[in-house]
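Coordinate inspection notes
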Amino acid sequence: MSTGDDIERRKVATSNKSKGEPQQLQTLASAHAEEDLLPVVDDVPFPVWLIAFVGAAERFAWYGATSPLQNYIQYSPSSKIPGVLGLREATAINIVNAMMAAGYLATIPAPVMSDMWLGRYKTILVSDLYDLDIQLCGSAILFGTSFPRVVQAGAADGGLATAIVLIALGSGGVWSSVAPFIAEQYTEINPKVKVLKNGQKVITDRGLTIQYIYNVYYWMVNVGGLSALITTILERYVGYWVSYLVPLSIMALSVVPLLVWRHALVQRPPSGSVLPQASRTMVYDICEGFQMDEARPEKQQEKHHRQVPWTDTFIDELKSGLLACRVFLLFPIHWLYLNQTFNNLISQTGQMVDSGVLNDTIKSLNPIASIILTPVVYTLS
């Protein structure tokens, strides 16, 4: 345990009056104190959970809208499993896969736009509100064209195509910006010494706090993923228009915190994106036989007589980042199997004896497992 001499004398008093907790003494810690004290999670500011709610609500809308799609597209209203379009299994699978691919691809230009021009807050807001919301507008079109009378009028096909494009674009913009925007809301950099109720001194750790924030955030995302249970039940027993009304309502609700508490959010101005430079660097790397060192400024000046905007440090960091990306090599296998729960497995379970279990509830097994296992893994880690 460190002594008072190890701690700077700038004291910060904090209290939680709303919970009636006694005042706690916090101090900015020196390096020596940081070595001796037990690291703990810091207090998480309200804007962090505000943006986490927005991200979870967006995932609620995404999974709520996409889970009934296979049945919606594959089956007709007169089928054993009620549908709408009756386009058969192969066409339905292709359409759902195209929507998934569009949603993932939309996450690539969105962060560049965020870092270079709009900033993350405006990117999220534009993705949510562009012309009364890209994703919200797509959800509204999907909801509006799923009414039985509208389907009979022949508007369901065009409505579905339009909705898929808008939902995919809006989802990509929100999903790629929410995660880093959450981290920006936690601005505490310096560790602080806190005195617990039992008299023990501990020190806050930014790394542990960020880890805790994202563990809770992704747990919330999986809670949002349970929307698939709600929408698939409504799809079967009430109608598709009601099942699509649920994600539409949640998507509209997610816009409210961004507008009401916008002044409480940390909004950093755009500072430029490294993706264009990284892409250009990798092009030079490929042209030089996959030798990253050949993209260094002095090499480019010496061999090609051109000046480049990056430094040797940038090349070193890029090499380190690319090496770290090796962990993603297993992700294609993971997503290859997981994406089957959006289409193939739904069709397969529709041909089996279901004993009252809806065929498209299989998508909910993943968030249920994550909700149960995430606290266990966090506790054991």
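The residue numbers shown here count from 1 along each chain, following its written sequence. In view of the model being predicted, local features appear only for residues whose pLDDT reaches at least 70, and side-chain atom pairs are presented and counted only at 80 or more, with totals across whole chains, interfaces and linings using the full set of residues. Heavy atoms from the whole structure form the basis of all side-chain values; hydrogens and water molecules are not counted.

1. Details of the packing of helix α13 (residues 275–287) against helix α15 (residues 312–324)
Angle between the axes and distance between the axes: these two values describe a pair of packed helices. Rules: Note on definitions: angles span 0 to 180 degrees between N-to-C directions of axes, and those axes are lines fitted to C-alpha atoms, for helices only across the stretch in contact. We count a stretch as a helix when DSSP gives it H or I for four or more residues in a row; a strand needs E for two or more, and each element gets its number in order from the N terminus. Angles are sorted into four bins: roughly parallel if under 35 degrees, roughly antiparallel if over 145, roughly perpendicular if 65 to 115, and oblique for all others. The contact definition used throughout considers only heavy atoms, calling two residues in contact when any of these lie within 4.5 Å. The residue classification treats Ala, Val, Leu, Ile, Met, Phe, Trp, Tyr, Cys and Pro as nonpolar and Asp, Glu, Lys and Arg as charged. All others, Gly included, are polar.
Across the interface, α13 lies against α15 with an axial gap of 11 Å and an inter-helix angle of 85 degrees. Relative to α15, the element α13 lies roughly perpendicular. On the side of α13, the interface is formed by Gln277, Ala278, Thr281 and Met282, while α15 contributes Phe314, Ile315, Leu318 and Leu322. Split into classes, the residues belonging to the contact of α13 with α15 amount to six nonpolar, two polar and no charged.

2. Observations concerning helix α4 (residues 89–105)
Heads up, the rule is: In this analysis, the expected span of each helix is defined as 1.5 Å times one less than the number of residues it contains. Exposure is judged per residue with a 1.4 Å probe applied to protein chains only, and the accessible area is read against the type maximum: over 50% gives exposed, under 20% gives buried, and values in between give partly exposed. Note: the arc covers the axis-to-C-beta directions of the helix.
For α4, with 17 residues, the first-to-last C-alpha span of 24 Å sits near the 24 Å given by 1.5 Å per residue. Listing the buried residues of α4 in full gives Ala92, Ile93, Val96, Met99, Met100 and Gly103. Seen end-on, α4 carries its buried residues on one side only, within an arc spanning 130 degrees. The outward face of α4, more than 90 degrees from its buried face, is lined by the exposed residues Ala90, Asn94 and Leu105. Looking at the buried positions of α4, the neighbouring elements they touch are α2 (46–66), α3 (69–74), α9 (156–185) and α17 (344–350).

3. What about the side chain of Ser347?
Selection rule: Pairs of N or O atoms within 3.5 Å make up the polar contacts considered here, provided that, within protein, one atom can donate a hydrogen while the other can accept it, and that residues adjacent in sequence are counted only when both atoms are side-chain atoms.
As for its placement among the helices and strands, Ser347 is situated in helix α17. There is a polar contact of 3.1 Å between the side chain of Ser347 and the side chain of Gln70. In this structure, Ser347 is in contact with Gln70, Gln74, Tyr75 and Glu89, ignoring residues within four places of it in sequence.

4. A few points about the environment of Leu85
Structurally, Leu85 can be placed in the loop between α3 and α4. Remark: the alpha-carbon pair of Leu85 and Ile73, spanning twelve residues in sequence, is separated by 5.0 Å. Not counting the four nearest positions on each side in its chain, Leu85 is found in contact with Tyr72, Ile73, Tyr75, Ala156, Asp157 and Leu160.

5. Points about α13
A rise of 1.5 Å per residue sets the reference length of α13, with its 13 residues, at 18 Å; its end C-alpha atoms lie 18 Å apart and thus fit the reference within 8%. Three or more residues of α13 are buried, namely Ala278, Thr281, Tyr284 and Asp285. Within α13, the buried residues cover an arc of 120 degrees as seen down the axis, which keeps them to one side. Immediately downstream of α13, the backbone of Gly289 shows phi near 80 degrees, a positive value.

6. Focus on the pairing of strand β4 (residues 192–195)
Within a regular beta strand, the side chains point alternately toward one face of the sheet and then the other, so they alternate between its two faces. Definition in use: Paired strands are those between which DSSP finds at least two bridges.
Relative to strand β5 (residues 201–204), β4 runs antiparallel, the two being bridged by three bridges. Bridging across to β5, Val193 finds its partner in Ile203. What sits between the antiparallel neighbours β4 and β5 is a turn of five residues, in which Gly199 has the positive phi angle 90 degrees.

7. Quick look at the packing of aromatic side chains
To keep it simple, the criterion reads: Two aromatic rings, drawn from Phe, Tyr or Trp (for Trp, its six-membered ring), form a pair once their centres lie within 6.5 Å of each other, and the interplanar angle then sorts them: stacked below 30 degrees, edge-to-face above 60, tilted otherwise.
In this structure the tally under the stated criterion is 17 aromatic pairs. Plain terms: the ring middles of Trp49 and Tyr212 are 6.3 Å apart, the flat faces sit at 85 degrees to each other, and that makes the pair edge-to-face. Remark: Tyr212 occurs in helix α10 (residues 206–225) and Trp49 occurs in helix α2; sequence separation between them is 163 residues. Overall, Trp49 belongs to the partly exposed group, its relative accessible area being 25%. Judged by centre distance (5.8 Å) and plane angle (50 degrees), the rings of Tyr284 and Trp310 are tilted.

8. As for the packing of α2 against helix α11 (residues 227–237)
Cut-off, in case you're wondering: By definition, turning the near helix anticlockwise from the far helix through less than a right angle yields a left-handed crossing, and turning it clockwise yields a right-handed one.
Between α2 and α11, the shortest axis-to-axis distance is 8 Å and the interhelical angle comes to 35 degrees. Both α2 and α11 take part in a crossing whose hand is right-handed. Every residue of α11 that contacts α2 at Arg59, Phe60, Tyr63 and Gly64 is listed here: Ser227, Ala228, Ile230 and Thr231. Of the residues assigned to the contact of α2 with α11, the class counts are four nonpolar, three polar and one charged.

9. So, the nonpolar core
For clarity, the cut-off: To define a nonpolar core, start from buried Ala, Val, Leu, Ile, Met, Phe, Trp, Tyr and Cys residues and group those joined through side-chain atoms within 4.5 Å.
Membership of the largest hydrophobic core comes to 26 residues, with the highest contact counts inside it found for Leu69, Tyr72, Ile73, Leu85, Leu142, Leu160 and Tyr244. Of all elements in the fold, only α2, α3, α4, α7 (134–144), α9 and α12 (240–260) reach the threshold of two or more residues within this core. Counting residues per element, this core draws most heavily on α9, at five residues. Discounting residues that sit within four places of it in the chain, Leu160 has contacts with Leu69, Tyr72, Ile73, Leu85, Leu142 and Thr145. Ranked by size, the runner-up nonpolar core spans 21 residues in total, among them Leu50, Val54, Ile182 and Tyr217.

10. Side note on the UniProt feature "transmembrane region" (unreviewed entry) in the chain
This is how the line gets drawn: UniProt positions are given in the numbering used here, feature names are shortened, and annotations may be inferred rather than shown by experiment.
Using the residue numbers shown here, the UniProt feature "transmembrane region" (unreviewed entry) corresponds to residues 216–234 and 240–261. Helix makes up 95% of residues 216–234 and strand makes up 0%, while its end C-alpha atoms are separated by 28 Å. Taken as a whole, residues 240–261 contains 95% helix and 0% strand, while its terminal C-alpha atoms sit 34 Å from one another.

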